[in-house]
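# Structural characterization, general
Take a look at the letters that make up each chain.
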Amino acid sequence: MTLGCTLQELADYTGSVLQGNAGLRVLAVASIDNAGVGDISYIRDAKYRHYLQSSAASALILPPDMAETYTSDCLIHPKPYLAYAKAVSLLYPVSRPAVAIHPSAVIEEGVILADGVIIEAGCVIGRGCNIGENSWLHANVTLYADTKIGKRCIIHSGAVLGADGFGFAPDQQAWFKIPQVGNVVVGDDVEIGANTTIDRAALGSTLIGNGVKLDNLIQIGHNTQIGDHTAIAACTAVAGSVQIGKHCQIAGMCAIAGHLSIADHVVVTGTSMVSHSITKPGVYSSGTTIEENAVWRKNAVRFNQLDKLARRLQELEKQLAALHNKGSD
């Protein structure tokens, strides 16, 4: 357990402006409503401003506008959430296991492991795979043949990279399996969550760009390409041959149909269904918000009546136009 650090050390590490006691010792990070003596917490949203008066934290991380009225110890940063993240990394350094291949791991022929690679228990690394420097595979990760992993990647337990894409051609009353002869290529500094799956390409490569962050339980279809520094939250499904741009944010439980393209700097909010390409940066949503069941059922009925209502409205507009024209004659 860390012995903590001074507020000055935290300020230097997070790039914050220090206000107050530079020698104050901070032992832990805590939520704003539970923080106490020895803890540091943060406020990034005006709706939590009331905690400025009630929080028992020894120090806070605040945006400049809130710090103007705060007279106690704090770190001032224009992005408090980022400063908080850096503070956590300093106070709770990640303990990497020794560089090694666990004896229970299966390493097939032709695999290339660069310096600093960690392969934990139960991993299976298929033939011809290539893993870059200082990448870390947690327990029970499976890499199918010819998967390429960049430098400093983290792949969490249960992830499967390079399984066959979902490719079948109709053959009378059955399905003929299309061989998936491509691979998966992952860039540098990528993190892939637990039980996430990335399918190999039918031809060529399924590509995951540098700095991409994938949450748990995500499905990435064959031949999809994800641009640098895009982040995708849990339970999202991306169909095959999708092109997602750079610096995008895809929230949880979204579904993206196949063969679409999404521009750079696009945000898709939770549970959205992306059924057509997105060509401009911005925030996009679909679906409806939760409401009482009785209200939802009434609205669902109205939704099914929209086409009929639209046709009636068009007919009324034609009749009104006819009356107007007749009156002006």
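I will try to describe carefully the structure that is included in this document.

What counts and how
Residues numbered from 1 in each chain as written. Predicted model: local features only at pLDDT ≥ 70, side-chain atom pairs only at ≥ 80, totals over all residues. Heavy atoms only, no water. Helix = DSSP H or I, 4+ residues; strand = E, 2+ residues; numbered from the N terminus. Rg over C-alpha atoms; globule rule 2.2 N^0.38 Å. Buried < 20%, exposed > 50% of the residue type's maximum accessible area, 1.4 Å probe, protein only. Contact = heavy atoms within 4.5 Å. Areas by Shrake-Rupley, 256 points an atom, 1.4 Å probe, with all protein chains shown as cover. Lys, Arg positive; Asp, Glu negative; His and termini not counted. Charge placed at Lys NZ, Arg CZ, Asp CG, Glu CD. Pairing = 2+ DSSP bridges. Axes fitted to C-alpha atoms, helices over the stretch in contact; angles between N-to-C directions. Parallel < 35°, antiparallel > 145°, perpendicular 65-115°, else oblique. Left-handed = near helix turned anticlockwise from the far one by under 90°. Nonpolar A, V, L, I, M, F, W, Y, C, P; charged D, E, K, R; others polar. Phe/Tyr/Trp six-rings, centres within 6.5 Å; stacked < 30°, edge-to-face > 60°. Core = buried A, V, L, I, M, F, W, Y, C linked by side-chain atoms within 4.5 Å. Expected span 1.5 Å × (residues − 1). Arc of directions from axis to C-beta.

## A word on the overall build of the chain
Secondary structure assignment for the chain yields 6 helices and 35 strands. The C-alpha radius of gyration computed for the chain amounts to 27 Å, which surpasses the reference 20 Å derived for 329 residues by more than 25%, pointing to a less compact arrangement than a globule. Taken over the C-alpha atoms alone, the chain extends approximately 90 × 65 × 35 Å along its principal axes. Burial status across the chain gives 37% buried among its 329 residues. For the chain, the share of sequence-separated contacts (at least 6 apart) that also reach a separation of at least 24 residues comes to 20%. Counting only carbon and sulfur atoms, one obtains 56% of the accessible surface of the chain, whose full area is about 18600 Å². Taking the average place of the 24 positive charges on the side chains of the chain and the average place of its 29 negative ones, the gap between the two points comes to 9 Å.

## A closer look at the sheet that holds strand β9 (residues 112–113)
Hydrogen bonding along the main chain pairs the strands of a sheet, whether they run parallel or antiparallel. Sheet architecture is open: 8 strands sit in the order β9-β12-β15-β20-β23-β26-β29-β32, paired in parallel fashion. Of all the strands in the sheet, just β9 and β32 (261–262) have a single pairing partner and so form its edges. As judged from the 2 bridges shared by strand β26 (residues 225–226) and strand β29 (residues 243–244), these two strands associate in the parallel manner. Within the sheet, the bridge partner assigned to Q225 lies in β29 and is Q243.

## Some details on the sheet that holds strand β10 (residues 118–119)
The strand order across the open sheet formed by 9 strands is β10-β13-β16-β21-β24-β27-β30-β33-β35, and the pairing between neighbours is parallel. In this open sheet, the two edge strands, each paired with only one partner strand, are β10 and β35 (282–284). In this sheet, strand β30 (residues 249–250) lies alongside strand β27 (residues 231–232) in parallel orientation, the contact comprising 2 bridges. Counted as the bridge partner of I232 is I250 from β30.

## As for the packing of helix α1 (residues 7–14) against helix α4 (residues 80–91)
Between α1 and α4, whose axes approach to 9 Å, the crossing angle comes to 120°. Accordingly, the angle class assigned to the pair α1 and α4 is oblique. In terms of crossing hand, the pair formed by α1 and α4 is right-handed. Residue-level inspection shows E9, L10, Y13 and T14 of α1 in contact with α4, the latter providing A83, K86, A87, S89, L90 and L91. Class assignment of the residues belonging to the contact of α1 with α4 gives a composition of 6 nonpolar, 2 polar and 2 charged.

## Section: the packing of aromatic side chains
The way to describe two aromatic rings as a pair is by their centre distance and the angle between their planes. A complete count under the given rule lists 5 aromatic pairs for this structure. Ring geometry for Y42 versus Y81: centroids 5.9 Å apart, planes at 45°, classification tilted. In this pair, Y42 is assigned in strand β5 (residues 39–42) and Y81 in helix α4, connecting sequence segments 39 residues apart. Under the relative-accessibility criterion, Y81 is labelled partly exposed at 43%. Their ring planes at 25° and their centres at 5.6 Å tell us that Y81 and Y84 sit as a pair that is stacked. Of the two residues, Y81 and Y84 both sit in helix α4, 3 residues apart, roughly one turn of that helix. For Y84, a relative accessible area of 24% puts it in the partly exposed group. Ring pairing ties together the aromatic residues Y42, Y81 and Y84, which thus form one cluster.

## A few points about the nonpolar core
In terms of nonpolar packing, the biggest core is built from 42 residues, with L137, L143, L161, V186, I192, L214 and I244 touching the most fellow members. Of all the elements in the fold, those that place two or more residues in this core are β20 (183–186) and β33 (266–268). In this view, L137 contacts I118, I119, E120, C123, I125, I131, L143 and I155; residues no more than four positions away in its chain are not counted.

## Some thoughts on α4
Given a rise of 1.5 Å per residue, 12 residues ought to cover 16 Å, and the 16 Å separating the end C-alpha atoms of α4 matches this to within 8%. Residues of α4 that are buried include every one of P80, A83, A87 and L91, and no others. Take α4 and look down its axis: the buried residues cluster within an arc of 70°, on one side only. Close packing links the buried residues of α4 with β1 (5–6), α1, β3 (25–26), β4 (28–29), β5 and β6 (59–62).

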